[in-house]
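Residue strings, one per chain:
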Amino acid sequence: MNLKASELAMVPFVSVDNMMRLVHHIGLETFMADLAHEIEVDFARWDLFDKTPRLGSHSDVGVIELMPTSDGTHYGFKYVNGHPKNMKEGLQTVTAFGVLSDVDTGYPVLFSEMTVLTALRTAAMSAVATKHLAGADAKTMAMIGNGAQSEFQCIAQKAVNGIDTVRLYDIDSAATDKCMANLAGLGLTVIPCASPEEAIEGAQIITTATADKDMQTILTDNMVGSGVHINAIGGDCPGKTELHRDIVARSSIFVEYPPQTRIEGEIQQMDPDHPVTELWEVITGKAKGRKSASEITLFDGVGFAIEDFSALRYVHSKIKNTPFYIDFDLIADPDDPRDLFGMVKRAR
Ligand SMILES: NC(=O)c1ccc[n+]([C@@H]2O[C@H](COP(=O)([O-])OP(=O)(O)OC[C@H]3O[C@@H](n4cnc5c(N)ncnc54)[C@H](O)[C@@H]3O)[C@@H](O)[C@H]2O)c1
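Residues numbered from 1 in each chain as written. Predicted model: local features only at pLDDT ≥ 70, side-chain atom pairs only at ≥ 80, totals over all residues. Heavy atoms only, no water.

## So, the packing of aromatic side chains
- Counted under the stated rule, the structure contains eleven aromatic pairs.
- Here a set of aromatic residues connected by ring pairs shows up, and it is made of Phe13, Tyr79, Phe97, Phe111 and Phe328. (Phe/Tyr/Trp six-rings, centres within 6.5 Å; stacked < 30°, edge-to-face > 60°.)

Pasting the structure below:
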């Protein structure tokens with residue numbers, strides 16, 4: 001495609017408003033299922049990608065991170081923060097935006113909000129892990145931590161894995177009430193619970209998405225029975241975990257990218273060589289997922305750049321010829337590439 005310079009200078013921008021309209025246009029469950037598929041496709045070509053642990057800038061109250069990757073054709077990065085204290089101040093714990101670029105020119109081809117998109121892709125990722133690791137009869141999920149991520153996690157599990165029941169728990173019952181109200185009418189049986197023990201009763205899947213800056217023990221060893229699949233997604237930073245070490249020790253552990261997860265995930269509690277299986281190996285059939293009905297499988301999800309790349313590429317493919325973006329005058333692109341100064345001078 002031989003685009004004129006002026007066309008390349010205008011970068012499609014998907015605002016929060018347009019992302020929400022795009023989600024409804026496609027359909028929430030279809031969007032989640034599509035995203036899950038895109039993630040699987042990209043995980044299946046794992047070797048092609050540039051991979052590096054994300055770059056975090058830590059403070060006493062949170063972290064700001066950059067998450068880059070490339071498949072040689074496109075390059076993507078996400079800016080994301082994690083500030084557990086924000087929620088009490090009326091702000092989001094996690095906010096994000098991202099860019100997708102053409103490796104050939106280095107020009108961006110998409111600039112997008114990613115706060116909503118991160119919640120969608122994180123949920124799709126948990127659903128992919130659950131699809132490959134949970135027992136076949138898993139229809140009930142305990143959702144512990146009923147904040148911003150929670151409804152997305154529940155809907156993705158319904159869309160991808162056909163779960164029919166969620167059991168909710170949060171230390172703040174107002175969060176559970178909000179989650180219940182949001183899930184009403186979306187095809188799930190929703191049961192509020194007064195304790196984490198009650199929430200995990202009869203659940204074959206447990207998803208934890210709590211936010212705290214410390215090492216938490218949302219689940220202790222005696223709480224978790226055999227055969228359960230756990231998605232632990234809230235422990236995603238050095239010094240920020242959700243599971244008691246003993247559960248981690250008796251689980252078969254599956255991760256995205258070990259060099260990042262060993263710093264950020266539940267396995268930061270374990271020895272540096274504690275055995276883990278990379279999820280892409282299970283997706284491609286290179287490694288086995290669940291080996292027995294009684295095994296506890298743990299997806300130690302921290303969020304990896306390839307998932308954001310998949311999400312950005314999906315959004316990029318879906319906005320063509322739609323009203324769900326605006327052109328952003330982002331790239332200075334004079335007709336004569338050596339006359340950047342002249343372009344500025346003539347703009348007076
Ligand atoms: N792995 C990933 O890819 C990924 C992606 C996005 C967010 N996250 C993480 O997921 C977590 C949740 O994010 P969010 O945006 O929903 O945050 P949020 O602040 O909106 O919600 C967190 C909820 O956890 C509850 N909570 C805190 N401690 C608890 C406990 N001990 N027991 C039960 N509930 C408890 C809070 O009351 C709150 O309702 C954060 O830690 C965030 O960093 C991970």
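## With respect to the site of the ligand
- In the region of the ligand, 26 residues are neighbours, and Thr93, Ala148, Asp170, Thr210 and Lys240 sit closest.
- Ile233 places a polar main-chain atom, nitrogen or oxygen, 3.1 Å from a nitrogen atom of the ligand.
- Burial of the ligand by the protein chains amounts to 92% of its free accessible area of 870 Å².
- Counting only elements with at least two residues in the shell around the ligand, the list comes to helix 4 (115-133) and strand 11 (215-219).
- Looking at the shell around the ligand residue by residue, the classes come out as eleven nonpolar, ten polar and five charged. (Near = heavy atom within 4 Å. Polar contact = N/O pair within 3.5 Å; in protein donor to acceptor, adjacent residues only side chain to side chain. Areas by Shrake-Rupley, 256 points an atom, 1.4 Å probe, with all protein chains shown as cover. Helix = DSSP H or I, 4+ residues; strand = E, 2+ residues; numbered from the N terminus. Nonpolar A, V, L, I, M, F, W, Y, C, P; charged D, E, K, R; others polar.)

## Let's talk about the environment of Ile331
- Position of Ile331 among the secondary structure elements: in the loop between strand 17 (326-329) and helix 12 (340-346).
- Between the C-alpha atom of Ile331 and that of Asp50, which follows or precedes it by 281 residues, the distance is 25 Å.
- Those residues in contact with Ile331 that sit more than four places away from it in its chain are Ala9, Val11, Tyr107 and Pro108. (Contact = heavy atoms within 4.5 Å.)

## A word on unusual backbone geometry
- Even without being a glycine, Asn321 presents a positive backbone phi close to 55°.
- As for its position among the elements, Asn321 is in the loop between helix 11 (305-319) and strand 17.
- Judged by its relative accessible area of 81%, Asn321 falls in the exposed class. (Buried < 20%, exposed > 50% of the residue type's maximum accessible area, 1.4 Å probe, protein only.)

By themselves, these figures tell us nothing about what the structure is for.
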